[in-house]
Amino acid sequence: MEGTHPIYVHAASVGEANIARKLIARWSSLHPEERFLLGIGTSTGFDLAKQSPPANTEVIYAPLDLSPVVKSFFASFQPKLVVLIEHEVWPNMVHYACEQGIPIGLANARLSVRSGKRLERLRPFAGRMYDRLSWVGAQSPEDCPRLEAIGIRPESLEVSGSVKFDPAFDTPSACSLKPTELLDSLGEGPILMALSTHPGEEILFANAASQVQGARLVIIPRHMERRNEIQDELKGAGFETVLRSTIDLVDSSSFRGMIMVVDTTGEMPAFTKEAQVVFVGKTILAKGGQNPCEAISAKVPVVAGPWFGNFEPLATQLRSNEGLWTVEDEQTMAKALQELSDDQEKAQKQAANALSTLEAHRGATDRTVEALAKLVEPE
């Protein structure tokens, strides 16, 4: 793709890569003549994007933000537009794009109160970088004052909503897995899942979920390289486990009563759709929260801890609309999992409330594509 003047979309890790893939898929469907270059900063995100790249897209590792590396990147690929995702604004990338007259868009921009205060103190040094952005699509009106305070020009700022939360389009699937048979090997009870867990949350979930009679338990850690650590901890607490990556290598066709630890890339969406209830990690023993929207879009009720700062104001809106069950410890999690497993009407109502909360972001993908496409339209 060198020298073809593609649109370069820069994403850091898995979360940003999924936003980028969703955005590019819609963009390519509306403008099939465009060519895209998707740069990913981590091996996990790269593997995910490489498994299922959007149409007309080449996936590469994102260049390190070092002057000679970025300069060489622009010389080789000659992009006509640079699109950054959420908060991945890098000084050398911005500098060389501006030096060559290449417009820069920041899609799905968000800025927490804490990060906003920190970056505002750096405005004398970083403000010039933010001032150079051609267009910035904020996720919510609450983000705008914070974004302006760090140096983003008001005239370049627009509330576009969140591409990640937009229920109008799904993130393209990175795998064709149908996990029904795998899950059936665990038993016949309700399927309870812990998604994107952090250290300590796996054993907490296992202790709580095992109180639901006959439940099939699945844990999908945020970092799959922790697989052995998780297995050891669960086994030490008396639980039998099986790794998703080894299932095809073992003789037994049934793992009834075992906890499945999913340590493969790109399969979480497929598993999530099969769950009766999910717990979203980084919300009890770690702070910030992981993305609940995959489950919400699949109409699966979500249980989470109180620490959901990375997803404000969405988390507060979900709670206000009774679309999120907040728990604080093993006992309250066990109660939530039990009631949502037993009471289908309650589970369906919570899932519907959550899905309706995402409606505020409907159309965000199209609004973002429309705004970014204007940056490369001939005058």
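Computed from a predicted structure; not experimentally measured. (Residues numbered from 1 in each chain as written. Predicted model: local features only at pLDDT ≥ 70, side-chain atom pairs only at ≥ 80, totals over all residues. Heavy atoms only, no water.)

J.: Account for the sheet that holds strand β7 (residues 157-159), with residues named and values stated.
T.: Strand order in the open sheet formed by 7 strands is β3-β2-β1-β4-β5-β6-β7, with parallel pairing between adjacent strands. The open sheet is flanked by β3 (57-61) and β7, the only strands paired with a single partner. Here the average twist between neighbouring strands, direction ignored, is 20°. The pairing of strand β5 (residues 104-109) with strand β6 (residues 135-138) spans 3 bridges and is classified as parallel. Across the sheet, the residue bridging to A109 is A138, located in β6. (Pairing = 2+ DSSP bridges. Helix = DSSP H or I, 4+ residues; strand = E, 2+ residues; numbered from the N terminus. Axes fitted to C-alpha atoms, helices over the stretch in contact; angles between N-to-C directions.)

J.: Please give an account of the nonpolar core that cites residues and values.
T.: Grouped together as the largest cluster of nonpolar side chains are 34 residues, with contacts concentrated most on M193, V218, M260, F271 and V278. Not counting residues within four places of it along the chain, the set of residues in contact with V278 comprises M193, L195, A295, V300, P301, V302 and V303. With 32 residues, the next largest nonpolar core counts A62, F77, V89 and L119 among its residues. (Core = buried A, V, L, I, M, F, W, Y, C linked by side-chain atoms within 4.5 Å. Buried < 20%, exposed > 50% of the residue type's maximum accessible area, 1.4 Å probe, protein only. Contact = heavy atoms within 4.5 Å.)

J.: Lay out unusual backbone geometry in plain terms, naming residues and giving numbers.
T.: In this model, E312 is joined to P313 through a cis peptide bond whose omega is 5°. Within the element layout of this structure, P313 appears in the loop between β13 (302-304) and α13 (314-320). One non-glycine residue, E86, adopts positive backbone phi at about 65°. Along the polypeptide, E86 turns up in the loop between β4 (81-85) and α4 (91-99). Despite not being glycine, S196 has its phi angle at roughly 55°, a positive value. Of note, S196 is situated in strand β8 (residues 191-197).

J.: Residues and numbers for the UniProt feature "site: Transition state stabilizer" (unreviewed entry) in the chain, please.
T.: Here the UniProt feature "site: Transition state stabilizer" (unreviewed entry) sits at E86 and K164. The greatest C-alpha distance among the annotated residues, which extend across 79 residues, is 10.2 Å, indicating that they converge on a single site. Not counting the four nearest positions on each side in its chain, E86 is found in contact with E16, I19, L106, A107, N108, A109, R110, Q139 and K164. Engagement of the side chain of E86 in a polar contact is seen with the side chain of N108, the distance being 3.3 Å. When you line up the elements, K164 lands in the loop between β7 and α8 (180-184). Not counting the four nearest positions on each side in its chain, K164 is found in contact with I19, K22, E86, N108, N291, C293 and F311. (UniProt positions renumbered as here; feature names shortened; annotations may be inferred. Polar contact = N/O pair within 3.5 Å; in protein donor to acceptor, adjacent residues only side chain to side chain.)

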